[in-house]
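Residue strings, one per chain:
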Amino acid sequence: MYNKNFNKVISLVVAVMLWIYVIGQINPATERKIEKIPINFINENIIDEEGLSVSRISHKYVDVVLEGKRSEINSISKSDIKVTANLKEAKRGNNNITLSIKTNKRVDVKQMTPESIGIKLEEKVTEAKPVKISYRGKFPKNKEPGETYINPRNIQVSGAKSYVNRVHHVEASVDVDKIKDTAKEIEAKVVPVDKNDNKVDMVGLSQNTVRVVAKMMEIKTVPLKVQTVGEIRGSLQLDKIKVPKKITIKGNSDVIKDIKEITAKTVDISGVKKTTRIPVDANLPYGVALADESKNLEIQVILKKKSKGEITFNSSDIELRGLAAGYTASVTQSTITAKITGNDKNLENIGKSNIKLYVNLNGLKEGTHKVAIQGNYELNLDKVSFTPEKVEVTIRKE
């Protein structure tokens, strides 16, 4: 039994030694695939001098298959491989750039995918974009930052025109837990973002950080009083005005604790021609600011079409004006319809008593005449029309 176990041990040792010999001394050739090796761009200064910038890159990474001795293959890493795209000959528009690859190891590149990439160059522009603060974390109860100061307030954004146009603002990210009850300066990293707060790539910034000064302030919600003046004129009428009833303010606790309500500046709606929203301009005491949730308070002025109505008159309702002495007159038309357009308020209780129909017979002699119907009305009506527009009037001597 002892001899058998001893033989097994000897066999295992011999096998391990043979394996070490094969790997270490014979060192057979092998292959290895390495993925997502970044592409480096060279001679970017040349396209920059020509006022151009990259607006599209078909690939940012390549995959390679390497072959060589096992010891070399096993020791290689991504940092040992450099893939470059030379922009020296690139022009405005679409370009196809052949990639080059180098490694400091003694291996061969069997395959690189892709071997070339497509890039697009367009006009390079630089524009100033505003810096806005984005807070990370949860605010303490009934508190939020106030008295904020950003330096600088704008940052230069450079790159392809189409990408710079996408940048809505530059976002400065600040951790909430860094903001205290007393003002403190914080260095914040900045990122270009679009109107939906998504990061915009392919652009450069004049600086990567800004200085932010802020402190925590108390917030409080109180009633808001908004007064409107003016009347709507034209083809539409006022339906309703939606006014915010509350407003949230912020400030030091000793400043806002006694505030019971806030009034806003009077809003004139007389120039409104369609349904619209008008910002609320609050009259805030010194040391008080709008909380973030109330920064975009608006009143909504909703308009609608004017109302229409009809009133039916008899011929006896028509007043005969201007008839010469010694003559009589009669209207042959049996009924007349008045079509009326105006505000709901004016049409709500309108009736015959509000509109006086008449015909002007001044200068007319004996006989039958077609005379235009006219009307007098004290109410503020937009339009009154009659059907028929004229009536037959017969004039006779007495």
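Thresholds, definitions, all that
- Residues numbered from 1 in each chain as written.
- Predicted model: local features only at pLDDT ≥ 70, side-chain atom pairs only at ≥ 80, totals over all residues.
- Heavy atoms only, no water.
- Helix = DSSP H or I, 4+ residues; strand = E, 2+ residues; numbered from the N terminus.
- Buried < 20%, exposed > 50% of the residue type's maximum accessible area, 1.4 Å probe, protein only.
- Pairing = 2+ DSSP bridges.
- Axes fitted to C-alpha atoms, helices over the stretch in contact; angles between N-to-C directions.
- Salt bridge = Lys/Arg side-chain N within 4 Å of Asp/Glu carboxyl O.
- Phe/Tyr/Trp six-rings, centres within 6.5 Å; stacked < 30°, edge-to-face > 60°.
- Lys NZ or Arg CZ within 6 Å of the ring centre and 35° of its normal.

Within the secondary structure, Leu12 sits in helix H1 (residues 2-26). Residue class for Leu12 comes out exposed when judged on its relative accessible area of 57%. In this structure the C-alpha to C-alpha distance between Leu12 and Ser134, which are 122 residues apart in sequence, comes to 65 Å.

Pairing within the open sheet is antiparallel, and its 3 strands lie in the order E22-E25-E29. The open sheet terminates on both sides in strands that have one partner only, identified here as strand E22 (307-314) and strand E29 (383-387). The average angle at which neighbouring strand axes cross in this sheet is 20 degrees, direction not considered. Where strand E25 (residues 335-342) and E29 come together, 5 bridges link them in antiparallel fashion.

If you walk through the whole model with that rule in mind, you get 19 salt bridges. Between Asp181 and Lys143 there is a salt bridge, and its shortest N-O distance comes to 3.3 Å. You can see Asp181 sitting in the loop between strand E10 (169-175) and strand E11 (184-193) and its partner Lys143 sitting in strand E8 (residues 143-151), a full 38 residues away along the chain. Arg211 serves as the salt-bridge partner of Glu185, at 2.7 Å between the closest nitrogen and oxygen. Residue Glu185 is located in strand E11, and its partner Arg211 is located in strand E13 (residues 209-225); the two are separated by 26 residues in the primary sequence. Exposure remark for Arg211: the relative accessible area of 34% places this residue in the partly exposed category.

Within the structure shown, the criterion is met by 1 aromatic pair. Their ring planes at 70 degrees and their centres at 5.5 Å tell us that Tyr135 and Phe139 sit as a pair that is edge-to-face. Taking the relative accessible area as the measure of exposure, Tyr135 reaches 23% and is therefore partly exposed. Look at Phe139 and you get partly exposed, because its relative accessible area is 27%. In this arrangement the basic side chain of Arg166 is found over the ring face of Tyr163, its NZ or CZ atom lying 4.3 Å from the centre. The ring of Tyr358 has Arg321 sitting right over it, with the charged end atom 3.8 Å from the ring centre.

Geometric values such as these leave the question of function open.
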